[in-house]
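What follows is each chain in one-letter form.
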Amino acid sequence: MSSKHASTDFKIALAREGERIERRLVELTSRIPDDPAVIKGAIRYSLLDGGKRLRPALCLWTHYFLNGSRREACLDVACAIEALHTYSLIHDDLPCMDDDDMRRGKPSSHKEYGEAVAVLAGDALLTLCFEIISSIGDRWNVPAGQVLDITSLVARTAGPAGLIRGQVLDMMWENKAGDERLVQEIHTNKTAVLIAAAMESGAVLADAGAGVRAAMRTAGLCAGRAFQIMDDVLDVESGDAVLGKTAGKDAAQGKLTYPAAIGLDASRRRAAALIEEAKTGLRTVGDAPLLEGLFDFIVCRNS
Ligand code: GRG
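Residues numbered from 1 in each chain as written. Predicted model: local features only at pLDDT ≥ 70, side-chain atom pairs only at ≥ 80, totals over all residues. Heavy atoms only, no water.

A.B. asks: So what exactly am I meant to see when it comes to a nonpolar patch on the surface here?
C.D. replies: The grouping of Ile164, Val168 and Met172 at the surface amounts to a nonpolar patch, some 240 Å² of accessible area in total. Examined against the element boundaries, Met172 turns out to sit in helix H8 (residues 163-172). Among the residues examined, Met172 registers a relative accessible area of 45% and is labelled partly exposed. (Patch = residues over 30% accessible without salt bridge, like charges linked within 9 Å, V, L, I, M, F, W, Y side chains within 5 Å. Areas by Shrake-Rupley, 256 points an atom, 1.4 Å probe, with all protein chains shown as cover. Salt bridge = Lys/Arg side-chain N within 4 Å of Asp/Glu carboxyl O. Helix = DSSP H or I, 4+ residues; strand = E, 2+ residues; numbered from the N terminus. Buried < 20%, exposed > 50% of the residue type's maximum accessible area, 1.4 Å probe, protein only.)

Here's what the structure looks like:
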């Protein structure tokens, strides 16, 4: 079973990595034109100073685990993935989607800036993601094949066979009964594929062969599914202040969730089993205490 509390080493490492990621996000968004100020403001409002930074940390820690030597390039790809993630949160919060007023402990983008600017800030973050990835060849001397691999991997993840598919299924199955297989399909697409892509990108930059790259992807898919199951559980059990967003919304909106499909206790057990599977996958490659710490955090977090 996973340990009940995240280790102190892990928490310190995540806080340090979070600071590095934050600094680079500030740099990468500093050249956005100041005129008109509103769009740069909206991009930075949602992207900076908030979020647990789990996806970029997974990208970087996979790279370190595999003894990768392209740390600066990997930091940029990690930031690009955080930009993509932030876009999905902004658009998900819109009134035409999940209609959420709070995100990362403050008013969501459309509440602060209005819907039109929130849509554009999301669009800008999605395109910024690919601008950053496409620049790592020139900026950090990454071979063109790896730049293309990561571009294609991230594009597939964001597109109609990934996040968009997850979001559409999530919307289609509101107020309908569905079995565990269907919830798993939604979770895989709306959440797990991005976590898997973060790990796989770190592996690509570490020159991993096909086998190791696939092992990192599979571990990411398991951890990502566990993450979304726990997100569903926390939505039932937690409060707004702890979550930094509105709690209890899944039930209010008739969302198809793990607790709705199999109950709370079984959901927790499923998440713990998936984390064990993810760790077993890592151990086929080596000893990865930081990644394992992050995986444990997924099942013991409260926000
Ligand atoms: C393109 C609109 C659109 C959606 C794409 C479903 C989806 C895919 C995005 C919605 C956002 C969402 C609720 C995704 C599920 C994953 C999830 C629980 C995200 C929150 O991740 P955390 O807890 O957030 O890591 P922080 O704020 O810490 O980064």
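The rest of the description comes next.
A.B. asks: Explain the site of the ligand here, please?
C.D. replies: In the vicinity of the ligand, 18 residues are found, and the nearest of them are Lys52, Arg55, His85, Arg104 and Gln167. Within the side chain of Arg55, one N or O atom sits 2.8 Å away from an oxygen atom of the ligand. Take Arg104: an N or O atom from its side chain is 2.8 Å from an oxygen atom of the ligand. Protein coverage of the free-state accessible area of the ligand, which is 720 Å², stands at 93%. Elements with a contribution of two residues or more to the shell around the ligand: helix H4 (71-93), H8, helix H9 (180-205) and helix H10 (210-237). With six residues, H4 is the single largest residue contributor to the shell around the ligand. (Near = heavy atom within 4 Å. Polar contact = N/O pair within 3.5 Å; in protein donor to acceptor, adjacent residues only side chain to side chain.)

A.B. asks: For this particular structure, what's the right way to read the packing of aromatic side chains?
C.D. replies: How two aromatic rings sit relative to each other is set out by the distance from centre to centre and by the angle between their planes. On inspection of all chains with the given rule, the structure shows three aromatic pairs. A ring pair is formed by Phe10 and Phe297, whose centres lie 5.4 Å apart and whose planes are at 40 degrees; its orientation type is tilted. Residue Phe10 is located in helix H1 (residues 8-28), and its partner Phe297 is located in helix H15 (residues 289-300); the two are separated by 287 residues in the primary sequence. Like Phe297, Phe10 is buried. Centre to centre, the rings of Tyr45 and Tyr113 are 5.5 Å apart; their planes meet at 75 degrees, and the pair counts as edge-to-face. Of this pair, Tyr45 sits in helix H2 (residues 37-47) while Tyr113 sits in helix H5 (residues 109-113); the two residues are 68 residues apart in sequence, bridging distant segments of the chain. On the basis of relative accessible area, Tyr45 is assigned to the buried category, the value being 15%. Taken together, the aromatic side chains of Phe10, Trp61 and Phe297 make up a single cluster linked through ring pairs. Sitting over the ring of Tyr45, Lys106 keeps its end group 4.3 Å from the ring centre. Taking NZ or CZ as reference, Arg301 lies 3.9 Å from the ring centre of Phe227, over its face. (Phe/Tyr/Trp six-rings, centres within 6.5 Å; stacked < 30°, edge-to-face > 60°. Lys NZ or Arg CZ within 6 Å of the ring centre and 35° of its normal.)

A.B. asks: Please clarify how the state of the cysteines should be interpreted in this entry.
C.D. replies: Disulfide: a covalent bond connecting the sulfur atoms of a pair of cysteines. Per the counting criterion, the structure on display carries zero disulfides. In this structure Cys79 is not part of a disulfide, and its nearest cysteine sulfur, from Cys59, lies 9.2 Å away. In this structure Cys129 is a free cysteine whose sulfur lies 11 Å from that of Cys59, the closest cysteine sulfur available. Its relative accessible area of 0% is what places Cys129 among the buried residues. (Disulfide = S-S within 2.5 Å.)

A.B. asks: Can you help me understand the pattern of salt bridges in this one?
C.D. replies: Pairs may arise between side chains of opposite charge once their charged atoms sit close together. Across all of its chains, the model carries 26 salt bridges by this definition. Across the pair Arg270 and Glu180 runs a salt bridge whose closest N-O atoms are separated by 2.1 Å. Residue Arg270 is found in helix H14 (residues 264-283), and its partner Glu180 is found in helix H9; the two are separated by 90 residues along the sequence. The exposure class assigned to Arg270 is partly exposed, which follows from its relative accessible area of 32%. According to the relative accessible area criterion, Glu180 is partly exposed, its value standing at 22%.

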